Amino acid sequence: GKAPTRRNRFLTSLSMAQKTGYDVGSIRITTLFFSRAVGQTGQVIAFQPNPETFAILRRNVEMNGLTNVRLVNIRLGERRQSMAVVFRGADDVWGTAIEGTQATTFPETKATRVEAYSLDEYGRAASLPPPDFLRIDAEGCEHSVLLGMQGILRRSRPDLLVEVHGEAQVRLENLRKIVELLLAYEYDVREMHSGRQIADVGQIRSPRHLFCKPKARVVQTADPMAIALPGKGRLGMSENPPERAGD
């Protein structure tokens, strides 16, 4: 068989037994891995927006008898909205919600509209257990996913594995925004492969994987409902309930 990738070796080194993990951008291999890693007393919440890939993922979960996996066929983002998502198809796990991708990069792909939610909003509506760990693989939309889970960052303080995508300059800008946000929430941000710490945005190179752990289990701020972001003023932490149909 193939030698394990550095990412898989890193994941194997983590202690995840009896924990709750969210797999954002779930594919068959990651869902199977996390199901085994958390064990029967743990739980995996797997998010996959591509309806074709989701159907395959569901069959795989059923065939393997993964009773500790909960599948969710929605896209996560900063807020609730209907949006176009570009996919290559069920056999290719790639997909993105970045505008213009279909016409400029992959004209052979197809687009479909999906309902997007913030993770804070969906988690409340679906009564999800708080996560101990999140893997985020959102094909260039990682920062958007993080913006939609600021309540979780503040309250639950999960460990994070963020896979950062995009062409070189796009990925660097995405990294800058991700690191700035997580440092504001008092996370220790490191390059996954090297373990190199990123203490400020000026130290960013261009890693594709970040591993982030909370420095403290509670974020200390003067206003518990807001946190200051460098150059951005105060970032509100309000958590409105899901909108009702017709609002």
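So, how was this worked out
As a convention, each chain's residues are numbered from 1 in the sequence order in which they are written. This being a predicted model, a pLDDT of at least 70 is required before a residue's local features are given, and a value of 80 or more before pairs of side-chain atoms are given or counted; all residues contribute to the totals for chains, interfaces and linings. Working from all heavy atoms in the structure, the side-chain values ignore hydrogens and water. Helix and strand assignments come from DSSP, with helices taken as H or I runs of at least 4 residues and strands as E runs of at least 2, each series counted from the N terminus. Only protein chains enter the calculation, and the probe is 1.4 Å; a residue is then buried if its accessible area is under 20% of its type maximum, exposed if over 50%, and partly exposed in between. Each accessible area is a Shrake-Rupley result for a 1.4 Å probe, and residues are judged covered by the shown protein chains and nothing else. Note on pairing: two strands pair once DSSP finds at least 2 bridges between them. Here, axes are lines fitted to C-alpha atoms. For helices the fit covers the stretch in contact, and angles between N-to-C directions go from 0 to 180 degrees. The contact definition used throughout considers only heavy atoms, calling two residues in contact when any of these lie within 4.5 Å. Remark: nonpolar core denotes a set of buried residues (Ala, Val, Leu, Ile, Met, Phe, Trp, Tyr, Cys) joined through side-chain atoms within 4.5 Å.

This next bit is on the overall build of the protein. Within the protein, the secondary structure is distributed over eight helices and 13 strands. Taking all 247 residues of the protein together, 49% fall into the buried category. Taken as a whole, the protein presents about 12400 Å² of accessible surface, with 51% of it coming from carbon and sulfur.

Along strand S10 (residues 187-191), four of the five residues are buried, which leaves the element largely enclosed by surrounding structure. Taken together, the five bridges between S10 and strand S11 (residues 209-214) define a ladder with antiparallel strand orientation. Paired with tyrosine 187 across the bridge in S11 is proline 214.

Another aspect to go through is the sheet that holds strand S9 (residues 159-163). Taken in spatial order, the seven strands line up as S3-S2-S1-S8-S9-S11-S10 in an open sheet, and their pairing is mixed. What marks the edges here is a single partner per strand, and that holds for strand S3 (69-72) and S10. The sheet shows a mean angle of 15° between the axes of neighbouring strands, taken without regard to direction. For strand S2 (residues 43-47) and S3, the ladder comprises four bridges, and the chain directions are parallel. Considered in S3, the bridge of alanine 46 is made with leucine 71. Strands in contact with helix H1 (residues 6-13) are strand S8 (133-137), S9 and S11; relative to S9, the strand with the most contacts, it is inclined by about 175°.

Counting residues in each nonpolar core, the largest one holds 37 residues, and the members touching the most others are Phe47, Met149, Leu160, Leu182 and Leu210. Residue contributions to this core peak at five residues, all from helix H8 (residues 168-184). Setting aside residues no more than four positions away along its own chain, leucine 160 makes contact with Leu134, Leu146, Met149, Leu153, Leu182, Tyr187, Leu210, Phe211 and Cys212. Listed in part, the 14 residues of the second largest apolar core include Met16, Phe34, Val69 and Phe211.

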